[in-house]
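Each chain, letter by letter, is given below.
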Amino acid sequence: MTTTLAPPAPAKSRRPVREWWSSLSRLQQCLILIPLVVLIYLLPVLNPPILTTQPGYNFPIAMFEVARYALVAIGLNVVVGQAGLLDLGYVGFFAIGAYVMALFTSPDSALSKLPFLVVLPIAMVITMIFGVILGTPTLRLRGDYLAIVTLGFGEIVRLLADNIEPLRGNSGFSRVGHPPGAKADGTPLFNNSDGIPWYWLCVTIIIIILFVVGNLERSRVGRAWVAIRDDEDAAEIMGVPTFKFKIWAFVSGAGIGGLSGALYAGQLGFVNNQKFDVVTSMLFLAAVILGGAGNKVGVLLGAVVVAYVPLRFQAIAEYKYLIFGVALIVLMIFRPQGLLGARQRLLAYGRYAYQRLLGKGEQISSDGSLVAENPGEKA
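Now for a look at the structure at hand.

So, how was this worked out
Residues numbered from 1 in each chain as written. Predicted model: local features only at pLDDT ≥ 70, side-chain atom pairs only at ≥ 80, totals over all residues. Heavy atoms only, no water. Core = buried A, V, L, I, M, F, W, Y, C linked by side-chain atoms within 4.5 Å. Buried < 20%, exposed > 50% of the residue type's maximum accessible area, 1.4 Å probe, protein only. Helix = DSSP H or I, 4+ residues; strand = E, 2+ residues; numbered from the N terminus. Contact = heavy atoms within 4.5 Å. Phe/Tyr/Trp six-rings, centres within 6.5 Å; stacked < 30°, edge-to-face > 60°. Lys NZ or Arg CZ within 6 Å of the ring centre and 35° of its normal. Axes fitted to C-alpha atoms, helices over the stretch in contact; angles between N-to-C directions. Parallel < 35°, antiparallel > 145°, perpendicular 65-115°, else oblique. Left-handed = near helix turned anticlockwise from the far one by under 90°. Nonpolar A, V, L, I, M, F, W, Y, C, P; charged D, E, K, R; others polar. Salt bridge = Lys/Arg side-chain N within 4 Å of Asp/Glu carboxyl O. Lys, Arg positive; Asp, Glu negative; His and termini not counted. Polar contact = N/O pair within 3.5 Å; in protein donor to acceptor, adjacent residues only side chain to side chain. Patch = residues over 30% accessible without salt bridge, like charges linked within 9 Å, V, L, I, M, F, W, Y side chains within 5 Å. Areas by Shrake-Rupley, 256 points an atom, 1.4 Å probe, with all protein chains shown as cover.

A word on the nonpolar core
Nonpolar side chains in soluble globular proteins tend to be buried together. By size, the foremost hydrophobic cluster in this structure holds 90 residues, and its most contacted members are Leu-71 and Phe-276. Examining the composition of this core, we find that 15 residues originate from one element, helix α3 (residues 59-82), more than from any other. Those residues in contact with Phe-276 that lie beyond four places of it in its chain are Val-91, Phe-94, Ala-95, Ala-98, Tyr-99, Arg-158, Tyr-264 and Val-271.

A closer look at the packing of aromatic side chains
The relative placement of two aromatic rings is captured by the distance of their centres and the angle of their planes. This structure, assessed with the given rule, holds 12 aromatic pairs. For the ring pair Phe-93 and Phe-153, a centre distance of 5.0 Å and an interplane angle of 45° mean the geometry is tilted. With Phe-93 in helix α4 (residues 91-105) and Phe-153 in helix α6 (residues 143-163), this residue pair connects regions lying 60 residues apart in the sequence. Comparing Phe-93 with Phe-153, the two get one shared label, buried. Seen from their ring centres, Tyr-99 and Phe-276 are 6.0 Å apart, and the 50° between their planes marks the pair as tilted. Pair noted here: Tyr-99 is in helix α4 and Phe-276 is in the loop between β2 (270-271) and α11 (278-291), with a separation of 177 residues, a long-range link. Here Phe-276 falls in the buried class, since its relative accessible area comes to 3%. When the ring centre of Phe-243 is taken as origin, the NZ or CZ atom of Arg-140, which lies over that ring, is 4.1 Å away. For Arg-168, the ring lying beneath its charged end belongs to Phe-173, and the centroid distance is 5.9 Å.

Some details on the packing of α3 against helix α10 (residues 242-268)
Two elements in contact, α3 and α10, have axes whose closest approach is 7 Å; the angle formed by their N-to-C orientations is 165°. Relative to α10, α3 is oriented roughly antiparallel. Pair α3 / α10 crosses with left-handed handedness. Of α10, the residues touching α3 (which contributes Ile-61, Phe-64, Arg-68, Leu-71, Val-72, Gly-75, Val-78 and Val-79) are Ala-249, Phe-250, Ser-252, Gly-253, Ile-256, Leu-259, Ser-260, Leu-263, Tyr-264 and Gln-267. Residue composition of the contact of α3 with α10, grouped by class: 12 nonpolar, five polar and one charged.

Looking at the pattern of salt bridges
Under the counting rule described, the total for this entry stands at eight salt bridges. For Asp-233, the salt bridge identified is with Arg-142, shortest N-O distance 2.9 Å. Of the two residues, Asp-233 sits in helix α9 (residues 232-237) while Arg-142 sits in the loop between α5 (116-138) and α6, which places them 91 residues apart along the sequence. Take Asp-233: its relative accessible area is 43%, and that puts it in the partly exposed class. Via salt bridges that share partners, Arg-142, Glu-232, Asp-233 and Lys-246 belong to a single interconnected network.

Examining the environment of Leu-300
Take Leu-300: it is sitting in helix α12 (residues 296-312). Sequence-wise, Leu-300 and Val-66 are 234 residues apart; in three dimensions their C-alpha atoms are separated by 9.1 Å. In this structure Leu-300 touches Ala-70, Ile-74 and Leu-210, once residues within four positions along its chain are discounted.

So, the side chain of Asp-87
Mapped onto the elements of the fold, Asp-87 is located in the loop between α3 and α4. It is Lys-246 that comes nearest to the buried, bridge-free Asp-87 among opposite-charge side chains, at 13 Å. A distance of 3.4 Å separates a polar side-chain atom of Asp-87 from the backbone nitrogen of Tyr-90. With sequence-adjacent residues up to four places away left out, Asp-87 is seen in contact with Leu-76, Val-79, Val-80, Phe-93, Thr-150, Phe-250 and Leu-285.

Notes on a nonpolar patch on the surface
Judged by side-chain polarity, Leu-27, Leu-31, Leu-33, Ile-34, Leu-36, Val-38, Leu-39, Ile-40, Leu-42, Val-45, Leu-46 and Trp-200 come together as a nonpolar surface patch covering roughly 1100 Å² of accessible area. The leading source of residues in the nonpolar patch is helix α2 (residues 26-46), at 11 residues. Positionally, Ile-34 belongs in helix α2.

The quantities given are spatial measurements derived from coordinates; they are silent on function.
Below, the structure is given as structure tokens:
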């Protein structure tokens, strides 16, 4: 009688961080994220020696700049990363939000003055209306044509600010409003020289926006955006009202852009037409592309790179456009999906159904398709 030896058990491979994270429950993820969020809030207070931008640049204000870029990148990622709409004039929405804040809070404006916190949602709504106005006639275009039209929109906003008298051109608006609150000595809590309260406010808004955008991605709207991004014609054939969902993406991104512009105007305290050029719009887009279009964490990382690096290394700040251009070329060659590329996962309860069916979590390739754990394994 011969004895058949069982084959040796395969060695366990280390689980990728992404797979490990996705296997956790929402509660476990929150318990892990809470200390990280607390550390992020404390960054301008701790002023770590390795990360500090001083003495060349005020570190708390630098952190606010990073947070502002992160908020912009989240909004632009909805348009470019989720829906696949190439928007080169996103700075136009950013400018509209800043001018709305200036018009309703600055003493240089003839309009009625409103509190800062009241103007924030007004800036979002007005910017979303402009998103509908721009998107309705232009979102029937695709690719390069859409990019050219949106680029023209950004320039039109800047030129209108230069030529319409109530917008004060290069003179601009001074003493733009800020949130309420005062320190113990009676000075305003939110002022131009102290970036910590502005940073905390911006990070809080980013967390709220991430929660809203994350729920949108897991909803029918998010699935429609992904379908449009991957193949608009196929999505149309399958019954997805592509034009309606493209408008939704454009309007959502515009609202976030207007919100970030309003925060920028409040912190700076001054708005004129020199702050909203094409180069700024390209930096916004670079943050999304560098980090990984379609990946929320990736675009946050891209925003940190684009906003923080020139402030940290003042000696190379004047070469930042050259550096980012070279970085984009290198990424195009070696990692076209960005630093943290988007990977499509099963949404909502589909993930648990997949696990119940096959006994393991879904395996995701870098291009977003579902693949087996081993190349020769059949599902």
